Each structure stands twice: as structure tokens, then as C-alpha cells.
Amino acid sequence: MAATTAKYNPFAGFTENEDEAIATGIGARKVAAGDIPPITEIPVVDLAGAFSDDITVRRKVAAEIYTACSQIGFFYIKNHGVDLNLISKCQKAGLGLFQDLTHEQKMELSMSRNPTEYFGYAPKAGTMPDGAIKRRMYETIHWGYEAELDPEATGSWDSSYNFYPSDEVMPGFRNLMREYYSAIMVLARRLLKTFALGLNLDENYFDQFTKHPNVMLALNYYEAAAPQNPEGSGIFAHSDLEVFTILCQDEVKSLEVLSNTGAWLPANPIPGHFIVNVGDTLSMWTNGLLQSTIHRAYNIEGKTRLSIPFFFGADNEAVIESFPSCVTEDNPARFNPVQIGSYHKERIHLQYPEGKHVAPKANVIKSG
Ligand SMILES: O=C(O)CCC(=O)C(=O)O
Ligand SMILES: [Fe+2]
């Protein structure tokens, strides 16, 4: 076993200690040296070709993404197919949820009321069942998978775990967010095929692990904090746990990505672009070939900020075990296999201990 197996802690997840996150998280493993060039910026990929009917055009984009992911694990995408008008409507409505609803109205949607899943609203600091306070630097709301919103769904699914403000409280909000959810699922399914192509796998290779994916759409709301108080608002250094993340930022600069030089690279918003990053699951599946990179966001520009991350995770019963094609004599298996359902729950629980920690449901797809 390579030395990284002992050092890597798959549950480092969300620690408030940045040095610990960097030392034990899966991110930022390849240090610039020898034939690994120092990374000084996050590449921009034109995704139009990924939707082409021509496989050679699709392969070209896939190769570009593979390079970006093997070096920094983050890339911007343009021509991603999601309507820009829809995005700005969601950003406006999202701000409204945090700014216009009362605390009581938000708490009606609380994650702590969700019987089984970590979906719903979570305030900036959560009170845990044991009375302890969990420090978070942002407010958030999460929604999980609905087969109805997935172009490649293989069945229907109970979606009662998703809490939305009612139409009386926020007219049209639920429909709008679900429209965005559908659009981003189309993009996510396309990205999955593109990752597969870049790895020289069958384009549909990931289908076997993503029949009822652990997908989560979130709105993160960050209050304005003073520059001298970065921990007043933001998100601590971490790597994402899922397969990949598609992040929609507003115009406020905040996100930073840990480069292989040890420097924090700004990942400032570019209008009309999303940022995509590799999560721990994809990094482990590819035996570290693709990088799940540590990132953080301190909101010290003096403005409130809303980001819309979309996390694409795999099926509960799937196992994260390096793909055979990614294990070689030079790169022996680096990670112990983990089952996705329990891994997800344990990692998410670290960040949202007010959610109920019940055993993950098997991904039984209801027919019809
Ligand atoms: O808000 C951001 O820019 C980053 C959010 C993020 O990293 C996360 O939710 O995992
Ligand atoms: Fe993240």
C-alpha cells in the first residue's frame, strides 16, 4: 500500500482546522515538482463540444477536462446549456428565501425535521439534539434527488424529503428551483459521460453506479463579513465528498482553491460560467488520477453572497473502490473501499449534526 493510504482520512470532511484538512483530506496531493507543473490558474473549458454528435469532438473536450482534473481538479465551463436567465431568476429567488423569510418560516423547512435525510434548511449555527452549538459560517438549504427531474431516471422515487416554502409564502419558488434542478441534471449527466470518455472508459460507464444518485442541490447564503474577521462568514477549507460539484456563483469574489504550489488561487466568478470540481468519490475511483482539491470561501468583500452548489454523488449501494483501469504497478490501489451510502451519511453528519443519522436507504427503485 502506498503511504497515502495511512495518511488519508476519508472523514476529514469538515474540520475547522485548515492545516488538518490539508494534511489529512484527499485534496492537494500532487505537489508541483518534476513533471508536475505548478498550477497558477483555473482553466476554462468550452463545453459545447461535449454535446456534439461527433465522438471525436466529444473526446477532445473530454481530454481537456481530464487534463484539468488531473492537475488542479477545478475548471470553469461555458456553453454548458443552462439558460442564463433561469440562473439569474434562481439567484434572486434564493436570496429572497434567506432575506425575506422569518427565522420561524425557515425553521419550518429545517433539516432537523427531516426524518431520514440531510435535506432542508440549516441556520448559520445549529443547535444539536444534545444542546451543543455547531459552528457554521453560512445558512443553507438542500434538496435531494427526484427521478422526475432526471433525464436518465430509471424509475420514480419518493421525494417527500424535499422541503420548499409554500406558494403562499414564496409564489413560484418551488417550480423555479425544480426547473433549475432539471436543467442542471441534464448537464450533470453529460459531464459524467465526458469524465468517462476522458478516462478511456465507455461513455456510459458511470450508469451502473448512478441509478438513484445521491444528488444534492443547495443554496448557500453568506452574510457580509469584515476583512479582519474572515471566519465571520464563509466555508472552511474542505474537499467535496461526491463525484463532482457544479457551482454557480453570483458576482461576489470569495472562492479560493489550493494549488499544488501551496498557494490559494482565486476562483472568482466569470459571468455565464459554472465552476466544476472533482469530489473525493471520483478521486478515489480513479485512484488519485483525478484530484479532489481543497477549497474555501471567506466572504470578506463587504457584500452578501449566494452560491448554488450542485453535488452529484453516486448510489447508496455503490462502492468506492479504484477502477481496475486506474490501478497499475506504478500507481497501486491507494484507498480502502468504502460503501457510498454510509460514507455519505457520516461525512454529511460532520457538517450537519442536527440531521438524523439513520442508516441509508437501499437504492430500491420503484418501477413506473
Ligand atoms: O460557496 C462557495 O463558493 C463554495 C461552496 C462549497 O465549497 C461547498 O458548499 O462545498
Ligand atoms: Fe465545496
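Just so it is clear, the structure is predicted and the values come from calculations on it, not from any experiment.

Rules used in this analysis
Residues numbered from 1 in each chain as written. Chains lettered and ligands numbered in written order. Predicted model: local features only at pLDDT ≥ 70, side-chain atom pairs only at ≥ 80, totals over all residues. Heavy atoms only, no water. Near = heavy atom within 4 Å. Polar contact = N/O pair within 3.5 Å; in protein donor to acceptor, adjacent residues only side chain to side chain. Areas by Shrake-Rupley, 256 points an atom, 1.4 Å probe, with all protein chains shown as cover. Helix = DSSP H or I, 4+ residues; strand = E, 2+ residues; numbered from the N terminus. Pairing = 2+ DSSP bridges. Axes fitted to C-alpha atoms, helices over the stretch in contact; angles between N-to-C directions. Contact = heavy atoms within 4.5 Å. Buried < 20%, exposed > 50% of the residue type's maximum accessible area, 1.4 Å probe, protein only. Donors = N, O, S within 2.8 Å, 3.2 Å for Na, K, Ca; no water.

Engineer: Quick question: what am I supposed to make of the site of ligand 1 here?
Structural biologist: Lining the immediate environment of ligand 1, one finds Asn 220, Tyr 222, Ile 235, His 238, Asp 240, Leu 247, Leu 255, His 295, Arg 305, Ser 307, Pro 309 and Phe 311. Residue Asn 220 places a side-chain N or O atom 3.2 Å away from an oxygen atom belonging to ligand 1. Burial of ligand 1 by the protein amounts to 95% of the accessible area it has alone, namely 290 Å². Looking at the shell around ligand 1, the elements with two or more residues in it are strand S7 (215–222), strand S8 (234–238) and strand S14 (305–312). Ranked by residue count, the leading element in the shell around ligand 1 is S14, at 4 residues.

Engineer: Hey, could you run me through the sheet that holds strand S12 (residues 274–278) in this one?
Structural biologist: Strand-to-strand pairing in sheets goes through backbone hydrogen bonds, with the strands running parallel or antiparallel. Strand order in the open sheet made by the 8 strands is S1-S2-S12-S9-S14-S7-S6-S3, with mixed pairing throughout. Lying at the two open borders of the sheet, with one neighbouring strand each, are strand S1 (44–46) and strand S3 (120–122). Across the sheet, the mean angle separating the axes of adjacent strands is 25° when strand polarity is ignored. Sheet topology note: the strand S6 (residues 139–144)/S7 ladder contains 6 bridges and is antiparallel. Residue pairing for S7: Glu 139 is matched across the bridge by Tyr 221. Packed onto the sheet, helix H4 (residues 84–100) meets S3, S6, S7, strand S9 (244–249), S12 and S14 and runs at close to 110° relative to S14.

Engineer: I would appreciate a short explanation of the pairing of S8 in the present structure.
Structural biologist: Along any regular strand, the residues point their side chains to alternate faces of the sheet. Counting buried residues along S8, 5 of its 5 residues qualify, which places the element largely inside the surrounding structure. Examined bridge by bridge, S8 and strand S13 (residues 295–298) share 3 bridges and lie antiparallel to one another. Across the sheet, residue Gly 234 finds its bridge partner in S13, namely Tyr 298.

Engineer: Hey, could you run me through the coordination of the iron ion (ligand 2) in this one?
Structural biologist: Octahedral metals with six donors have ideal donor angles of 90 or 180 degrees. Tetrahedral metals with four donors have an ideal donor angle of 109.5 degrees. Bound to the iron ion (ligand 2) are the protein donor atoms His 238 (NE2), Asp 240 (OD) and His 295 (NE2), situated 2.1 to 2.2 Å from the metal. Each donor residue of the iron ion (ligand 2) belongs to the same chain, with the gaps between them written as H-x1-D-x54-H. Highlighted residues: His 238 in strand S8 and His 295 in strand S13, separated in sequence by 57 residues.

Engineer: Quick question: what am I supposed to make of the sheet that holds strand S10 (residues 255–258) here?
Structural biologist: If you trace the 4 strands from one edge of the open sheet to the other, you get S8-S13-S10-S11, paired in antiparallel fashion. In this open sheet, the two strands that pair with only one neighbour each are S8 and strand S11 (264–266). The mean angle between the axes of side-by-side strands here comes to 30°, regardless of whether they run parallel or antiparallel. Both S10 and S13 contribute to a ladder of 3 bridges, which runs antiparallel. Opposite Glu 256, over in S13, you have Arg 296 as the bridge partner.

Engineer: What is the right way to read the environment of Glu 346 from this model?
Structural biologist: With respect to the helices, strands and loops of the structure, Glu 346 is situated in helix H8 (residues 340–351). With relative accessibility at 37%, the residue Glu 346 sits in the partly exposed group.

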